Amino acid sequence: MPTRRYASNDATSKPHGVQSLGVIGAGQMGLGIALVGARVAQLPVRLMDVSQDQLDKGLRFMDKLLEKDVQRGRLTAEEKQQVQSRVSVVRSVDELASTASPADLIVEAVSERVDLKLSLFRDLSEATAPNTILASNTSSISITKIAGASLHPERVIGMHFMNPVPVMKLVEVIPGLATSQQTIDTTLAVSHAMGKTTTLSQDVPGFIANRLLMPYINEAVFALQEGIATREDIDTTMRLGTNVPMGPLTLADFIGLDTCLAIMRVLHTQLGDTKYRPAVLLQKYVDAGWLGKKTGRGFYEY
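Keep in mind that this is a model prediction, so the values were computed, not measured.

Another aspect to go through is helix H8 (residues 209–225). Relative to the 24 Å expected for 17 residues at 1.5 Å per residue, H8 spans 24 Å between its end C-alpha atoms, a close match to the ideal helical length. Taken together, the buried positions of H8 are occupied by Asn210, Met214, Pro215, Ile217, Asn218, Ala220, Val221, Phe222, Ala223 and Leu224. The elements touched by buried residues of H8 are strand E6 (156–161), helix H9 (231–242), helix H10 (248–255), helix H11 (257–271) and helix H12 (280–287).

Here you go:
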């Protein structure tokens, strides 16, 4: 693998020529990315989703988050309006790419499905300028594979934000096999402008965070499945015994059990080791539609 020069992790770094940000997907992750882009990096942001209902819901939620900060004295009413004025919405890739000042960096935050991401990056590479950086917020899918669907793989990179994006300080940056040094440097600088600390991972299944986190959550599901302990005792043991803010089953509910299952399948399939096999109980909960907090029921009821 060729040696790459990685930029400093100085959070005061400024973007290298990025004047506007595009975000695809108005769910929890996409909305959070759009918010930190508009509020912290102070970039104009175009938020895209095919669903107008999802866009409307996302903007209402953004307003609610900003209003809470106004009430807590972290933001003035004028600053809130300024943040919201930087965010506009579109409903197609063509709209995202055909505006008067197209985005220099587009971050995809759609469902964790290989076919969907490949199709999206194929469309993006055809519709956007050759110098537009295309980033994926994937939590486990190969960046090199995603870049293979693009006409300009050197401009494709992974930007794995943590959930909830406005609170969590980390962005994992993952270059693919063909990603250029300029793309890496720009992505790091934009991440720092968003107030994030960055880590760099090779393009391997699960990258750093989920290579370590998901087997831990999966093993907790096995412990529940085998009757070793109740859900409460599993979570309490890990929360108080290892000083983590929440137990593994609560965390799984927060992430989404469908997302956890998708990542475990990627790890199991691509690494070929039985230690990554998803717990049967995790599959059953997903089959039942018990996906965690977002559906009102997972390992716990909400």
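Once that is clear, we can look at the domain arrangement of the chain. What the domain assignment reports for the chain is domain 1 (21–200) and domain 2 (209–293). Using only C-alpha atoms to locate each centre, domain 1 and domain 2 end up separated by 27 Å. Opposite the eight residues of domain 1 that make contact, domain 2 presents seven residues. Note on domain 1 versus domain 2: buried area summed over both sides is about 630 Å², and carbon and sulfur give 57% of it. At the boundary of domain 1 and domain 2, one finds zero salt bridges. Summed over the shared surface of domain 1 and domain 2, the result is two residue pairs in polar contact (both at pLDDT 80 or more).

Looking now at the side chain of glutamate 108. Looking at the element boundaries, glutamate 108 is found in strand E4 (residues 105–108). At 2.9 Å, the side chain of glutamate 108 forms a polar contact with the backbone nitrogen of valine 110. Polar contacts involving the side chain of glutamate 108 include one to the side chain of serine 136, which spans 2.5 Å. Excluding residues that lie within four positions of it along the chain, glutamate 108 makes contacts with Ile24, Lys117, Leu120, Phe121, Ala135, Ser136 and Asn137.

Take the sheet that holds E4 next. Spatially, E3-E2-E1-E4-E5-E6-E7-E8 is the arrangement adopted by the eight strands of the open sheet, whose pairing is mixed. The open sheet has two edge strands, strand E3 (87–90) and strand E8 (197–200), and neither has a second partner. Across the sheet, the mean angle separating the axes of adjacent strands is 25 degrees when strand polarity is ignored. Of the pairings in the sheet, the one linking strand E2 (residues 45–48) to E3 comprises four bridges and is parallel in character. Bridging across to E3, arginine 46 finds its partner in serine 88.

Turning to the packing of H8 against H12, a few remarks are in order. Between H8 and H12, whose axes approach to 8 Å, the crossing angle comes to 90 degrees. Considering the angle they form, H8 stands roughly perpendicular to H12. Only Val280, Leu281 and Leu282 of H12 make contact with H8, whose side of the interface consists of Asn218, Val221, Leu224 and Gln225. The residue inventory of the contact of H8 with H12, partitioned by class, reads five nonpolar, two polar and no charged.

Okay, a negative patch on the surface next. Together, Asp94, Glu95, Asp123 and Glu126 line one region of the surface with negative charge. Contributing elements (two or more residues each) for the negative patch: helix H4 (93–97) and helix H5 (114–127). Structurally, the position occupied by glutamate 95 is in helix H4.

This part is about the confidence of the model for the chain. For the chain, the average pLDDT comes to 92, and 94% of its residues sit at 70 or higher. Contacts from residues 1–15, a stretch scored under 50 in pLDDT, to residues over four places away or in other chains number 29 contacts.

On to the packing of H9 against H10, then. Interaxial distance between H9 and H10 falls to 7 Å at its minimum, and their mutual angle equals 100 degrees. One finds that H9 runs roughly perpendicular with respect to H10. Residues Arg231, Ile234, Asp235 and Met238 of H9 pack against Pro248, Leu249 and Thr250 of H10. Residue composition of the contact of H9 with H10, grouped by class: four nonpolar, one polar and two charged.

Mapped onto the present numbering, the UniProt feature "site: Important for catalytic activity" (unreviewed entry) falls at His160. As for its position among the elements, histidine 160 is in strand E6. With residues near it in sequence (within four places) discarded, histidine 160 still touches Ser136, Asn137, Thr138, Ser139, Leu170, Val171, Glu172, Ile174 and Asn210. A distance of 2.7 Å separates the side chain of histidine 160 from the side chain of glutamate 172, its partner in a polar contact.

Turning to the pattern of salt bridges, a few remarks are in order. If you walk through the whole model with that rule in mind, you get eleven salt bridges. Its salt-bridge partner being glutamate 112, residue lysine 117 comes within 3.7 Å of it at the nearest N-O pair. Both residues of the pair, lysine 117 and glutamate 112, count as buried. Residues joined in a network through salt bridges with shared partners are Arg231, Glu232, Arg297 and Glu301.

Right, let's talk about unusual backbone geometry for a bit. In this structure, proline 164 follows asparagine 163 across a cis peptide bond, with omega equal to 0 degrees. On the secondary structure map, proline 164 appears in the loop between E6 and strand E7 (170–175). Within the chain, glutamine 42 stands out as a residue other than glycine whose phi angle is a positive 55 degrees. Mapped onto the fold, glutamine 42 is located in the loop between helix H1 (28–39) and E2. Located in the positive-phi region is asparagine 243, a residue other than glycine, with phi close to 60 degrees. Summarising the element assignment, asparagine 243 is placed in the loop between H9 and H10. Under the relative-accessibility criterion, asparagine 243 is labelled exposed at 70%.

Cut-offs used in this document
Residues numbered from 1 in each chain as written. Predicted model: local features only at pLDDT ≥ 70, side-chain atom pairs only at ≥ 80, totals over all residues. Heavy atoms only, no water. Helix = DSSP H or I, 4+ residues; strand = E, 2+ residues; numbered from the N terminus. Expected span 1.5 Å × (residues − 1). Buried < 20%, exposed > 50% of the residue type's maximum accessible area, 1.4 Å probe, protein only. Contact = heavy atoms within 4.5 Å. Domains from an automatic or database assignment. Buried area = accessible area lost by both parts, 1.4 Å probe. Salt bridge = Lys/Arg side-chain N within 4 Å of Asp/Glu carboxyl O. Polar contact = N/O pair within 3.5 Å; in protein donor to acceptor, adjacent residues only side chain to side chain. Pairing = 2+ DSSP bridges. Axes fitted to C-alpha atoms, helices over the stretch in contact; angles between N-to-C directions. Parallel < 35°, antiparallel > 145°, perpendicular 65-115°, else oblique. Nonpolar A, V, L, I, M, F, W, Y, C, P; charged D, E, K, R; others polar. Patch = residues over 30% accessible without salt bridge, like charges linked within 9 Å, V, L, I, M, F, W, Y side chains within 5 Å. Areas by Shrake-Rupley, 256 points an atom, 1.4 Å probe, with all protein chains shown as cover. Lys, Arg positive; Asp, Glu negative; His and termini not counted. Charge placed at Lys NZ, Arg CZ, Asp CG, Glu CD. pLDDT = per-residue confidence, 0-100. UniProt positions renumbered as here; feature names shortened; annotations may be inferred.

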